[in-house]
2 protein chains.
Amino acid sequence: MRNLLLTLRFDGSGFHGWQVQPNGCTVQQVLGDALERVLGRREAIHGCSRTDAGVHARMFCCNFRTEHAIPAARLPAALNFYLCGQVAVLDCTEVAADFHARYSCTGKTYCYLIRNARARDPFLLHRALLKPFPLEAALLEREGQAFVGTHDFAAFCAAGSSVKSTVRTVRRVEACRDGEELRLFFEADGFLYNMVRIMAGTLLEIARGRLEPGCIPAILASGDRANAGFTAPAAGLYLWKVEY
Amino acid sequence: MRNLLLTLRFDGSGFHGWQVQPNGCTVQQVLGDALERVLGRREAIHGCSRTDAGVHARMFCCNFRTEHAIPAARLPAALNFYLCGQVAVLDCTEVAADFHARYSCTGKTYCYLIRNARARDPFLLHRALLKPFPLEAALLEREGQAFVGTHDFAAFCAAGSSVKSTVRTVRRVEACRDGEELRLFFEADGFLYNMVRIMAGTLLEIARGRLEPGCIPAILASGDRANAGFTAPAAGLYLWKVEY
């Protein structure tokens, strides 16, 4: 049995996230449909994470096992032929039999794109969070350093999650500005449900003056979701990099 | 009578160009509708150019005259409230009575965005021209220098144009690469109908080896549209800058 790893990029604004759902169109669904047209059979596809509805992926990885003999190098063009324009397969490689896109993953980076201007940008529709008030990248980055390290992130996890442990290791929080665009990067060994969105929302509330600078360690220690900031919207959030 | 200059940005992929048409939605139409809702009256809007269907504008200027007293600084937010997400008003200023967005214009820059990769990018859907064959920015820029200067561009003008003179002055042709994205900039005092698209198509045919390097001066001299390259598609073309 061959094990194939696909690297995707998708605009999540028209999807109900990655994972197949009874109601609504998902990336896993359309990719599975395209794969079935190429291979002539339905194969189970394992994604590196369940992205929320509206979340984008500059890089997303998934794998599937098949007996089909199609060369890996031919799969991207074959799949892109059947996929809608919102999803693209960038690469395909053969991987070890025990590789799993989710369980073999050693690290992920998410990016929040914030348009810091008064007027929206038509080219960033559904692709950035519009924040008209002044935002200082240095402040966001400085406050974000409180997330770096191994912590219990229970306060930054949405209700309804069923994970065994809420301990994660955040490796990097970085903010950089390019004109009216501000990017917030979060790199970790893994993320809890809505963790990036709550961390971003908390930093934005500090920048807005609604939460005190330096408040993050106490919120982490409390373990209480109610103490953290709002859940920033999905539009503007990108799965940026997946590491194995 | 006040004369107001608006600076817009629009994603042209859903529009039949700038100018109002009996069939199809145009930017001038939706802007006029929004302006009527804000001012309570219909005003004539003069655009800096007629962009083709599907062409984008990073910067587009237009002006209108009105007796309405609304402060210029309040207009962008008021108009954006009524405009669809594909069009945004970035700025509004009061200008001299004789100012006309088209006739007062002293220069324009267009940019062609080319994705030079095998797989498409979902974030550039309808926003870039996909070219999978190798493209060398230095070659495109070198060949493009033949356009710079004052020439009769009849060979680079689509049929059906009714201009008095086909002489234009191209000030700059520049190609630069950023990873898999290649940008071609054309700056001139003005452009003929489809001129940028035919210049870009000609450069791409030289890069592909379908036209000889150094052929542009002879094509210009011939004055014959049939000798130039293909008309590059609208997707990927941006009105980049408008000067007064």
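Keep in mind it's a predicted model, so treat the numbers as computed, not measured.

Asks: Explanation requested: the overall build of chain A in the structure shown.
Replies: Assigned secondary structure in chain A consists of five helices and ten strands. The C-alpha atoms of chain A give a radius of gyration of 19 Å, which matches the 18 Å a tight globule of 244 residues would have. By principal-axis analysis of the C-alpha atoms, chain A measures approximately 60 × 40 × 30 Å. Long-range contacts, defined here as pairs at least 24 residues apart, represent 70% of the contacts in chain A between residues at least 6 apart.

Asks: Just checking my understanding: could you explain the side chain of Asn-80 of chain B for this structure?
Replies: Of note, Asn-80 of chain B is situated in helix H2 (residues 75–82). Excluding anything up to four places from it in sequence, Asn-80 of chain B contacts Ala-119 and Arg-120 of chain A together with Val-87, Ala-88 and Val-89 of chain B.

Asks: So what exactly am I meant to see when it comes to helix H2 (residues 75–82) of chain A here?
Replies: Helical geometry: 3.6 residues make up each α-helical turn, so side chains three or four residues apart lie on a common side. Restricting attention to buried positions, one finds in H2 of chain A the residues Leu-75, Pro-76, Ala-78, Leu-79 and Asn-80 of chain A. At its buried positions, H2 of chain A is contacted by strand E1 (2–10), helix H1 (27–39), strand E3 (56–66) and strand E4 (87–94) of chain A.

Asks: What am I meant to see in the environment of Leu-139 of chain A here?
Replies: Along the chain, Leu-139 of chain A turns up in helix H3 (residues 137–144). Taking the C-alpha atoms as reference points, Leu-139 of chain A and Arg-120 of chain A, separated by 19 residues in sequence, lie 23 Å from one another.

Asks: Got a minute to help me understand the layout of surface pockets in this structure?
Replies: Where empty space is left can be seen by rolling a probe of water-molecule size over the atoms. If you add up the space inside the largest pocket, you get close to 1200 Å³. In this structure, the largest pocket is lined by 31 residues; those nearest its centre are Leu-124, Glu-181 and Arg-183 of chain A together with Glu-181 and Arg-183 of chain B. Looking at the lining of the largest pocket, the elements with two or more residues in it are strand E5 (107–115), strand E9 (181–188) and strand E10 (237–243) of chain A together with strand E5 (107–115), strand E9 (181–188) and strand E10 (237–243) of chain B. At three residues, the largest contribution of residues to the lining of the largest pocket is made by E5 of chain B. Class assignment of the residues belonging to the lining of the largest pocket gives a composition of eleven nonpolar, two polar and 18 charged.

Asks: For this particular structure, what's the right way to read the environment of Gln-86 of chain A?
Replies: You can see Gln-86 of chain A is positioned in the loop between H2 and E4. Gln-86 of chain A gets classed as partly exposed once you look at its relative accessible area, which sits at 29%. Residues Gln-86 of chain A and Glu-205 of chain A, spaced 119 residues apart in sequence, show a C-alpha to C-alpha distance of 32 Å. Aside from chain neighbours lying at most four places away, what touches Gln-86 of chain A is Arg-9, Phe-10, Asp-11 and Phe-15 of chain A together with Pro-122 and Leu-125 of chain B.

Asks: Explain the interface of chain B and chain A to me, please; I cannot follow it from the model alone.
Replies: Many descriptions give the size of an interface as the accessible area lost when the pieces come together. In this complex, chain B contributes 24 residues to the contact, which on the side of chain A involves 24 residues. Broken down residue by residue, the surface that chain B buries against chain A is led by Arg-120, Pro-122 and Phe-123 of chain B, which jointly contribute 39%. Across the contact surface, chain B and chain A share two salt bridges. We note a salt bridge from Asp-121 of chain B to Arg-9 of chain A, for which the minimum N-O separation is 2.9 Å. Between chain B and chain A we count twelve residue pairs in polar contact (both at pLDDT 80 or more) in total. If one sorts the elements of the side of chain B that touches chain A by residue count, strand E4 (residues 87–94) of chain B sits on top with four residues. Looking at the side of chain B that touches chain A residue by residue, the class counts come to 13 nonpolar, four polar and seven charged.

Asks: Got a minute to help me understand the domain arrangement of chain A in this structure?
Replies: Residues and elements named next belong to chain A. Split into domains, chain A comes out as domain 1 (2–95) and domain 2 (107–243). Taking only C-alpha atoms, the centre of domain 1 and the centre of domain 2 are 27 Å apart. Taken together, the contacts link 14 residues of domain 1 with 16 residues of domain 2. Where domain 1 abuts domain 2, roughly 1200 Å² becomes buried across the two surfaces, and 56% of that area is made up of carbon and sulfur atoms. Looking at the side of domain 1 facing domain 2, the largest losses of area belong to His-56, Arg-58 and Met-59, adding up to 44% of the total buried there. Run the count over domain 1 and domain 2 and you get two salt bridges.

Asks: So what exactly am I meant to see when it comes to the packing of helix H1 (residues 27–39) of chain B against H2 of chain B here?
Replies: Relative placement of two packed helices is described by the angle separating their axes and the distance separating the axes. Residues and elements named next belong to chain B. Look at H1 against H2: their axes get within 9 Å of each other, and the N-to-C directions meet at 115 degrees. When the axes of H1 and H2 are compared, the crossing they make is right-handed. Counting all contacts with H1, which are made through Ala-34, Leu-35, Arg-37 and Val-38, the residues of H2 involved are Leu-75, Ala-78, Leu-79 and Tyr-82. Class assignment for the residues of the contact of H1 with H2 results in seven nonpolar, no polar and one charged.

Asks: Would you mind going over the pattern of salt bridges with me for this structure?
Replies: Oppositely charged side chains can form a pair if their charged atoms are brought close together. All names here are of chain A. Scanning the model with the defined rule gives 22 salt bridges over all chains in all. In this structure, Arg-172 and Glu-174 form a salt bridge, with 2.6 Å as the shortest nitrogen-oxygen distance. Judged by its relative accessible area of 27%, Arg-172 is partly exposed. According to the relative accessible area criterion, Glu-174 is partly exposed, its value standing at 29%. Within the structure, one salt-bridge network assembled from shared partners comprises Arg-171, Arg-172, Glu-174 and Glu-187.

Asks: What is the right way to look at the side chain of Thr-51 of chain A in this model?
Replies: Take Thr-51 of chain A: it is sitting in the loop between strand E2 (45–47) and E3. Those residues in contact with Thr-51 of chain A, other than ones at most four positions away along the chain, are Phe-10, Gly-17, Trp-18 and Phe-60 of chain A.

Asks: Please clarify how the packing of helix H3 (residues 137–144) of chain B against helix H4 (residues 195–208) of chain B should be interpreted in this entry.
Replies: All names here are of chain B. One way to put it is that H3 packs onto H4 with a least axis distance of 10 Å and a crossing angle of 125 degrees. Between H3 and H4, the angle falls in the class oblique. In terms of crossing hand, the pair formed by H3 and H4 is right-handed. Of H4, the residues touching H3 (which contributes Leu-139, Leu-140, Glu-143 and Gly-144) are Leu-203, Leu-204, Ile-206 and Ala-207. Taken together, the residues that form the contact of H3 with H4 break down as six nonpolar, one polar and one charged.

Asks: Can you help me understand the relation of the copies chain B and chain A in this one?
Replies: Of the transformation superimposing chain B on chain A, the axial component is 0.0 Å and the angular component is 180 degrees, with the fit at an RMSD of 0.0 Å. The superposition operator between the copies reduces to a two-fold rotation axis. For chain B, the smallest separation between a C-alpha atom and the rotation axis is recorded for Phe-123 of chain B, amounting to 4.7 Å. The share of interface residues of chain B whose copies in chain A are also at the interface is 100%, consistent with both copies meeting through the same surface.

Cut-offs and rules
- Here the residue numbers are simple positions, counted from 1 along each chain's written sequence.
- Key to labels: chains lettered from A, ligands numbered from 1, both in the order written.
- Selection of residues for local features in this predicted model requires a pLDDT of at least 70, selection of side-chain atom pairs for listing and counting requires 80 or more, and totals for whole chains, interfaces and linings are taken over all residues.
- Excluded from the side-chain calculations are hydrogens and water; all other atoms, namely the structure's heavy atoms, are used.
- Here a helix means four or more residues in a row that DSSP labels H or I, a strand means two or more in a row labelled E, and each is numbered from the N terminus.
- In this description the radius of gyration comes from C-alpha coordinates, and the expected globular size is given by 2.2 Å times residues to the power 0.38.
- Should any heavy atoms of two residues lie within 4.5 Å, those residues are counted as being in contact.
- Only protein chains enter the accessibility calculation, which uses a 1.4 Å probe. A residue is then buried if its area is under 20% of the maximum for its type, exposed if over 50%, and partly exposed in between.
- As defined here, a cavity is a set of points on a 1 Å grid over the protein atoms alone where a 1.4 Å probe fits but cannot get out. A pocket is an open set with protein on both sides within 12 Å along at least five of seven lines, and residues line them when an atom is within 4 Å of a point.
- Grid points are joined across faces, edges and corners, and a volume is the space filled by probe spheres set on the points.
- Asp, Glu, Lys and Arg are counted as charged, while Ala, Val, Leu, Ile, Met, Phe, Trp, Tyr, Cys and Pro are counted as nonpolar; the rest, among them Gly, fall into the polar class.
- Accessible area, probed at 1.4 Å, shrinks when two parts are joined; the buried area is that loss added up over both.
- Note on definitions: salt bridges are taken to be side-chain nitrogens of Lys or Arg within 4 Å of carboxyl oxygens of Asp or Glu.
- A 3.5 Å cut-off defines polar contacts: any pair of N or O atoms within that distance qualifies, except that in protein one atom must be a possible hydrogen donor and the other a possible acceptor, and neighbouring residues in sequence count only when both atoms are side-chain atoms.
- For every domain, the bounds stem from an assignment made automatically or drawn from a database.
- Here, axes are lines fitted to C-alpha atoms. For helices the fit covers the stretch in contact, and angles between N-to-C directions go from 0 to 180 degrees.
- Crossing handedness: left-handed means the near helix sits turned counterclockwise from the far one by under a right angle, and right-handed means the same turn made clockwise.
- We call two directions roughly parallel when the angle between them is under 35 degrees, roughly antiparallel when it is over 145, roughly perpendicular when it lies between 65 and 115, and oblique otherwise.
- Copies overlap after least-squares fitting; the atoms used are the C-alpha atoms of residues with pLDDT of at least 70 in both.

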